[in-house]
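# Structural overview for review
Given next are the chains, with one letter for each unit.
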Amino acid sequence: MRPPPALPTIYGETLDSLTALLKEHGHPAFRARQIMTWLYKKRARAWAEMTDLSQPLRAWLAATFELEPTKFVLTRQSEDVTDKLLLELADQSLIETVIIRAPQLGVGQENSRKTICISTQVGCAMGCKFCASGLEGLKRNLTAGEIVHQLIQVCRQEDDRTPRARAELASFDNLVVMGMGEPLHNYDAIIRALTILNAGWGLGFGARRITLSTSGLVPKIRQLADEPLGLRLAISLHGATDEVREQIMPINKKWPLKELLPAVREFSEKHGRMVTLEFILIEGINDSLDQARKLRDIAFDLHAHVNLIPYNTVEGLPWKRPSLTRQEKFAQVLDRGGVSVTLRREKGHAIDAACGQLRLKTEKAREAATAL
Ligand code: SAH
Ligand code: SF4
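Every value quoted in this text rests on a predicted model; they were computed, and no experiment measured them.

### What to know about the packing of aromatic side chains
A full pass over the atoms with the stated rule returns 4 aromatic pairs. Here the aromatic rings of tyrosine 11 and tyrosine 40 are separated by 5.6 Å at their centres, their planes lie at 85 degrees, and the arrangement is edge-to-face. Of this pair, tyrosine 11 sits in the segment before helix 1 (15-24) while tyrosine 40 sits in helix 2 (residues 31-41), and the two are 29 residues apart along the sequence. Each member of the pair, tyrosine 11 as well as tyrosine 40, carries the same accessibility label: buried.

Now the structure itself:
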């Protein structure tokens, strides 16, 4: 067992903050860039690998920072399409990072796109009724460094698949902030992490290929609209009326549609990009044609794209996905109404790809093992 975290991780530092720290401790400022190269370009696993740094500097780094804030526990694969990495943090919390190696969106897009999905919290405080991540509430926020390190683990995983070619993050098409947790409930850490991922001295991943998904924290959506990063935004709508939405998403009581939709419009107008409305289809809850028509009107009005996601069953929860015919009828209403819509063919159902499920199972297994 590892002791609780005593040191902050170096993956939470920006070039500026590391430069300032080095200066403060009497080390040359230009070393910061060298260190970033070791972290992000060479992906060093030990301070000792950083051979062009002096011994005293390496000793200072080792005494000041944690180098491996997440530990790889296991991967589960589904039909060579989805890899789910389970990672353990220093306090033994578990998080998930998913690699999807197939068209994630849309029907008939058979080009092979690679998407990474990262987590932002251990658990989630939003309590959506259908979601495994929220079942046991929020355990804690991830730090910016823990968020960044998930991507380092993804690159290592890719290196292992193709041993001769070094995997670069740029070879991935998209990064989605749709794993465990509500990213806008951990605002400062996610913005810092995405800044590091985006920076040339960091992982150099284009912000326009990053999509952040939120359950709808209205003031934070407004704040996000003013960030210079230029991310894409997805909204977990899941109900086209307050009545349906608040049945499954408690956040709708605090931020109902009349507050949420204008904030989404503002974001979309400021960025000049389409926002995505995510809509999980749950049988008997939100899959009526009346919901489809109302969703069509909302999306048309916002000039938003709609991503329909057949519900992934969660152990212990009563919800189910509707039949394929029902899903297609729902999609047709939107399509015929001139709305850009995709119906996701869920990849990774077999390996619990919906957020939080693998972690929950592993935690339960762990509890059972310690209870013996
Ligand atoms: N908290 C953020 C991001 C993480 S959840 C949010 O809610 O947007 C990412 C997406 O997975 C959300 O759209 C969420 O509603 C969806 N999701 C959660 N549980 C699911 C399930 N069992 N089946 C399908 N999608 C699910
Ligand atoms: Fe949290 Fe998103 Fe799951 Fe809702 S859907 S409980 S906001 S992770």
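Now that the structure is up, let's keep going.
### Considerations on the site of ligand 1
Around ligand 1 there are 19 residues in total, and Gly181, Ser213, Ser236, His238 and Asn312 lie nearest to it. Here serine 213 contributes a side-chain N or O atom positioned 2.6 Å from an oxygen atom of ligand 1. Between ligand 1 and asparagine 312 there is a distance of 2.9 Å, counted from a nitrogen atom to a backbone nitrogen or oxygen. Calculation on ligand 1 without its partners gives an accessible area of 530 Å², and the protein chains cover 92% of this total. Mapped by element, the contributors of at least two residues to the shell around ligand 1 are strand 8 (210-214) and strand 10 (276-281). Considering only residue class, the shell around ligand 1 consists of 9 nonpolar, 8 polar and 2 charged.

### Thoughts on the pattern of salt bridges
A side chain with one charge can pair with a side chain of the opposite charge if their charged atoms come near. Enumeration according to the criterion identifies 13 salt bridges in this entry. The closest approach of N and O atoms between lysine 320 and glutamate 283, which form a salt bridge, is 3.5 Å. Of this pair, lysine 320 sits in the loop between strand 11 (305-310) and helix 11 (324-336) while glutamate 283 is found in the loop between strand 10 and helix 10 (289-302), placing the two residues 37 residues apart along the sequence. Judged by its relative accessible area of 39%, glutamate 283 is partly exposed. A network of salt bridges, in which partner residues are shared, links Asp91, Arg140 and Glu146.

### Description of the side chain of serine 215
With respect to the secondary-structure elements, serine 215 resides in the loop between strand 8 and helix 6 (218-225). Discounting chain neighbours no more than four positions away, the residues touching serine 215 are Met126, Glu182, Ser236, Arg245, Met249 and Ile251.

### Quick look at unusual backbone geometry
Its identity is not glycine, yet arginine 43 carries a phi of approximately 50 degrees, on the positive side. As for its position among the elements, arginine 43 is in the loop between helix 2 and helix 3 (55-64). Its identity is not glycine, yet histidine 303 carries a phi of approximately 55 degrees, on the positive side. The topology assignment puts histidine 303 in the loop between helix 10 and strand 11.

Cut-offs applied
Residues numbered from 1 in each chain as written. Chains lettered and ligands numbered in written order. Predicted model: local features only at pLDDT ≥ 70, side-chain atom pairs only at ≥ 80, totals over all residues. Heavy atoms only, no water. Phe/Tyr/Trp six-rings, centres within 6.5 Å; stacked < 30°, edge-to-face > 60°. Helix = DSSP H or I, 4+ residues; strand = E, 2+ residues; numbered from the N terminus. Buried < 20%, exposed > 50% of the residue type's maximum accessible area, 1.4 Å probe, protein only. Near = heavy atom within 4 Å. Polar contact = N/O pair within 3.5 Å; in protein donor to acceptor, adjacent residues only side chain to side chain. Areas by Shrake-Rupley, 256 points an atom, 1.4 Å probe, with all protein chains shown as cover. Nonpolar A, V, L, I, M, F, W, Y, C, P; charged D, E, K, R; others polar. Salt bridge = Lys/Arg side-chain N within 4 Å of Asp/Glu carboxyl O. Contact = heavy atoms within 4.5 Å.

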